[in-house]
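# Structural overview
Here is what each chain is made of, one letter per residue.
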Amino acid sequence: MGFDRESNIYTLTFATIMVVLVGGLLAYVSMSLGPAQSANISNEKMQNILQAIGISETKGIQREQAGKVFNDYIKRRITIDYQGNILSDKKSTDPISATDKLDAFNIDLRKEYSKFIKPIMNQHKGNPEATKEALSKSKDIHFPIFVCEFNGATYYVLAASGKGLWDDVWGYIGLNSDLVTISGAVFDHKGETPGLGSKIVEPWFQEEFIKKKISDGTKFVPIRVIKPGSHEPNEFEVDGISGATFTGVGVGEMLIRTIEVYYNFFKSHPEFSGTTTVVATATDSTDAASGATAAVASDTTSAK
Amino acid sequence: MSETKSEPLFSKKNKELITSPLNKTNPVTIQILGICSALAVTVQMDNALVMGFAVMAVTALGNVVISAMRNLIPSRIRIIVQLVVAAFLVICVDQILKAYVYDVSKQLSVFVGLIITNCILMGRFEAFALGNKPWPSFLDGIGNGLGYSMILVIVALFKEVIGSGTITLPGIGKLSIIPESVYQFGYENNGLMLLPPSSLVIVAMIIWFQRAKNPDLIEA
């Protein structure tokens, strides 16, 4: 070797070359794999939304497939704010543009939770009224709605995000056209305990939500995640996962916080429900007629 | 780097580089390195397999890179150089997993990134690659990666079968191991096995078993 390996000049030169080289290589790797990675992420989101509809056609849909058929099912993408103002309303014919931050599909729930919702909740800890008040004033929190039309029936997929035991949890809830009965649910998490909290992604937990209600007909009733085995869950409760109490608490909290916003929105926008009080579209009314149970019927009448 | 005389690729010495970490110099049970991830990613068999494979790839490649540069690396910053090589390879592995095996990458989440801090890596770079030629270093990396994977798989086997009653294999999915009839008799999955502490017990048992079999491993 021609150089003195212990000299400062050599050490500095070596370090500089190494860092520039490694940095360049990493940038190249990241750039070349980037498209495949973001396609995975967006396909997974579509897969979750489609699964949350709760119809058998999209239940076991694969990730790669989800991207292709998403627009066949999801006909409208709406973004609302806490007060229920519509900020963006796109049809399935409008392409999902990555630059349109208000497009319901581009709403990054986890980011909004950690950036805007969590600080407010921490600030008003232990004071639910003040928390709600502060949340309602925030302009940064968005609520996406995905309207699915399939076989003459309309479904609404709502989204929620919150915090489990270790890290973020989020999910999608599908509502029937009565806007009260849950048709499907999908949850996911970032780092819940494997084998315990991570079970929220399993079908048996998600299926518990199906046919549960978010309203008793007159007012909003939050879905509660109860301790498993404590009592038979009623139509507003689901069994939690034993050993994963805090994940359940987190799921319950995010549902209470977000579903109420949607409930109020639908209440003040009767054009979205299949009730007889508004001029319902043909598709809506057929669904309300065919899928109506006694409880649903009573709810649709009292929702006037 | 011309050597005096060429040695066959799989000479006895080279073969030992692969076989010895499986037993007498096992990185986990003998050197007690890489314990942290052995505790965390062993709840399901598929995670253990992918993690083992990732560590093996990073150790082997990293060993080759470090070994090829061993005459160029300034000794004062050699640890930093090793760290940069490890970090680079790990980020590549992470990016590749995210692009091609997205589901596995989601399950392994932070643990892929934590391979950087896996002591086996730095241990092998420092102890072996810096003083040996690339080929033996490669074999040493593969051997230690295998030794690590082996322990992960054994731990995952116990944890998943006793904890969930299943075996999850990559590409195949969950296989039920414990028949439904056993559950009807009142058998329950042991939730403790799903938590990290249970791995310590299993690793300790492997160490016990291994030392009972090899009396020369027992310190006085």
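Residues numbered from 1 in each chain as written. Chains lettered and ligands numbered in written order. Predicted model: local features only at pLDDT ≥ 70, side-chain atom pairs only at ≥ 80, totals over all residues. Heavy atoms only, no water.

## Concerning the overall build of chain A
For clarity, the cut-off: Labels follow the DSSP assignment, with helices taken as runs of H or I lasting at least four residues and strands as runs of E lasting at least two, numbered in each case from the N terminus. Exposed residues in this analysis have more than 50% of their type's maximum accessible area, buried residues have under 20%, and partly exposed residues fall in between, with area computed by a 1.4 Å probe over protein chains only. Contacts were defined at the residue level, with two residues in contact if any of their heavy atoms lie within 4.5 Å.
When you go through chain A residue by residue, the secondary structure sums to 9 helices and 8 strands. Taken across its 304 residues, chain A has 48% of its residues classed as buried. For chain A, contacts bridging at least 24 residues in sequence account for 55% of all contacts bridging at least 6.

## Describing the overall build of chain B
Heads up, the condition is: Taken over C-alpha atoms, the radius of gyration is set against a globule rule of 2.2 Å times the number of residues to the power 0.38. Using a 1.4 Å probe, the Shrake-Rupley method yields the accessible areas, and only the shown protein chains count as cover for residues. Just so you know, the count uses Lys and Arg for positive and Asp and Glu for negative, and it drops His and the chain ends. Just so you know, the charge point we use is NZ for Lys, CZ for Arg, CG for Asp and CD for Glu.
Within chain B one finds 10 helices and 2 strands. Ordering the α and β elements of chain B from the N terminus gives α-α-α-α-α-α-α-α-β-β-α-α. Over its C-alpha atoms chain B spans a radius of gyration of 19 Å, differing by no more than 12% from the 17 Å that the globule rule assigns to 220 residues. Taking the principal axes of the C-alpha coordinates as reference, chain B spans close to 70 × 45 × 30 Å. Within chain B, buried positions represent 47% of all 220 residues. Per element, the accessible surface of chain B, about 10800 Å² overall, is 70% carbon and sulfur. Here chain B contributes 16 positive and 13 negative side-chain charges, whose respective centroids are spaced 9 Å apart.

## Section: unusual backbone geometry
All names here are of chain A. Positive phi is not limited to glycine here, since Leu179 has a value of about 65°. As for its position among the elements, Leu179 is in the loop between β5 (168–175) and β6 (182–189). At Lys211, a residue that is not glycine, the phi angle is positive and equals roughly 75°. Taking the relative accessible area as the measure of exposure, Lys211 reaches 64% and is therefore exposed.

## So, the pattern of salt bridges
Residues and elements named next belong to chain A. Our working rule: By definition here, a salt bridge exists when the distance from a side-chain nitrogen of Lys or Arg to a carboxyl oxygen of Asp or Glu is within 4 Å.
Summed over the entire model, instances satisfying the criterion amount to 15 salt bridges over all chains. Residue Arg77 pairs with Asp103 through a salt bridge whose shortest N-O separation is 2.9 Å. In this pair, Arg77 sits in strand β1 (residues 74–81) while Asp103 sits in the loop between β2 (86–91) and α4 (109–123), placing the two residues 26 residues apart along the sequence. Asp103 carries the same exposure label as Arg77, and that label is buried. Here Asp100 makes a salt bridge to Lys90, at a shortest N to O gap of 2.9 Å. In this pair, Asp100 is assigned in the loop between β2 and α4 and Lys90 in strand β2, connecting sequence segments 10 residues apart.

## Brief notes about the nonpolar core
All names here are of chain A. Rules: In this description, a nonpolar core means a group of buried Ala, Val, Leu, Ile, Met, Phe, Trp, Tyr and Cys residues linked to one another through side-chain atoms lying within 4.5 Å.
Of all hydrophobic cores here, the largest spans 69 residues; its most connected members are Ile145, Phe187, Phe209, Leu255 and Phe266. Counting residues per element, this core draws most heavily on helix α7 (residues 245–268), at 9 residues. Setting aside its immediate chain neighbours within four residues, Ile145 contacts Arg76, Arg77, Ile78, Ile80, Ala104, Tyr156, Val157, Leu158, Tyr262, Phe265 and Phe266.

## Remarks on the packing of aromatic side chains
Residues and elements named next belong to chain A. Test applied: Stacked, edge-to-face and tilted are the three classes for Phe, Tyr and Trp ring pairs, Trp counted by its six-membered ring, which pair at centre distances within 6.5 Å; planes under 30 degrees apart are stacked, over 60 edge-to-face, the rest tilted. Comment: the charge-over-ring label is applied if NZ (Lys) or CZ (Arg) is within 6 Å of the ring centre and within 35 degrees of the ring normal.
Applying the stated criterion across every chain, the model contains 15 aromatic pairs over all chains. Look at Tyr73 and Phe150: their rings are 5.2 Å apart centre to centre, the planes differ by 45°, and that puts the pair in the tilted class. Here Tyr73, found in helix α3 (residues 63–73), pairs with Phe150, found in strand β3 (residues 142–150); they are 77 residues apart in sequence, far enough to count as distant. Pair check on accessibility: Tyr73 and Phe150 agree, each one buried. An aromatic cluster is defined as three or more aromatic residues linked by ring pairs; in this entry it consists of Phe187, Trp204, Phe205 and Phe209. For the cation-ring pair, Lys45 lies above Phe105, with the distance from its terminal atom to the ring centre recorded as 5.0 Å.

## Thoughts on the pairing of β3(A)
Residue and element names in this part refer to chain A. This is how the line gets drawn: Two strands pair if DSSP finds at least two bridges between them.
Within β3, 8 of the 9 residues are buried, which leaves it mostly tucked inside the rest of the structure. Where β1 and β3 come together, 7 bridges link them in antiparallel fashion. Across the sheet, Thr79 pairs through a bridge with Pro144, a residue of β3. When β3 meets strand β4 (residues 153–163), the two strands line up antiparallel, connected through 6 bridges. Counted as the bridge partner of Phe146 is Val157 from β4. What sits between β3 and β4 in their antiparallel hairpin is a turn of 2 residues, with Asn151 showing a positive phi close to 50°.

## Describing the side chain of B:Ser67
Residue and element names in this part refer to chain B. Let me state the cut-off plainly: The definition of a polar contact used here is a pair of N or O atoms within 3.5 Å, where within protein one atom must be able to donate a hydrogen and the other to accept one, and adjacent residues in sequence count solely through side-chain atom pairs.
Along the chain, Ser67 falls in helix α3 (residues 45–68). With relative accessibility at 0%, the residue Ser67 sits in the buried group. A distance of 3.4 Å separates polar atoms of two side chains, one belonging to Ser67 and the other to Ser137. Look past the residues within four positions of Ser67 in its chain and what remains in contact with it is Ala129, Asn132, Lys133, Pro134 and Ser137.

## Some points on the packing of helix α1 (residues 12–19) of chain B against helix α8 (residues 134–164) of chain B
Residue and element names in this part refer to chain B. This is how the line gets drawn: In this description, a line fitted to the C-alpha atoms serves as the axis of each element, helices being fitted only across the stretch in contact, and the angle between N-to-C directions of two axes falls anywhere from 0 to 180 degrees. When an angle is under 35 degrees it counts as roughly parallel; over 145 it counts as roughly antiparallel; between 65 and 115 it counts as roughly perpendicular; any other value is oblique. When residues are grouped by polarity, Ala, Val, Leu, Ile, Met, Phe, Trp, Tyr, Cys and Pro land in nonpolar, Asp, Glu, Lys and Arg in charged, and all others, Gly among them, in polar.
Put simply, α1 and α8 touch, their axes get as near as 6 Å, and they point 30° apart. If you check the angle between α1 and α8, you find them roughly parallel. Residues Asn14, Leu17 and Ile18 of α1 form the contact with α8, whose own contacting residues are Trp135, Pro136, Leu139, Asp140, Ile142, Gly143 and Leu146. Among the residues making up the contact of α1 with α8, the classes are represented as 7 nonpolar, 2 polar and 1 charged.

## Topic: α3(A)
Formally: Directions drawn from the helix axis to the C-beta atoms are what define this arc.
Among all positions in α3(A), only A:Arg63, A:Ala66, A:Val69, A:Phe70 and A:Tyr73 are buried. For α3(A), the arc enclosing every buried residue in end-on projection is 150°, short of the 170-degree limit, so these residues lie on one face. Buried residues along α3(A) sit in contact with α1 (8–53), α2 (56–59), β1 and β3 of chain A together with α5 (102–108) of chain B.

## Things to note about the pairing of β6(A)
Residues and elements named next belong to chain A. Among the 8 residues that make up β6, 8 are buried, leaving the element largely enclosed by the rest of the structure. Across 7 bridges, β5 lies against β6 in antiparallel orientation. Counted as the bridge partner of Trp170 is Asp188 from β6.

## Here's the deal with helix α7 (residues 119–127) of chain B
Owing to its 3.6 residues per turn, the α-helix brings residues three or four apart onto one side. Within α7(B), the full set of buried residues consists of B:Ile120, B:Leu121, B:Met122, B:Arg124 and B:Phe125. At its buried positions, α7(B) is contacted by α3, α4 (78–100) and α8 of chain B.

## Digging into the environment of A:Ala160
All names here are of chain A. Among the secondary structure elements, Ala160 is positioned in strand β4. In the structure, Ala160 is positioned 125 residues away from Pro35 in sequence and 26 Å away in space, judged by C-alpha atoms. Not counting residues up to four positions away in its chain, the partners in contact with Ala160 are Leu109, Trp170, Gly171, Met254, Leu255 and Thr258.

So, to be careful, I would describe these as geometric facts and stop short of saying anything about function.
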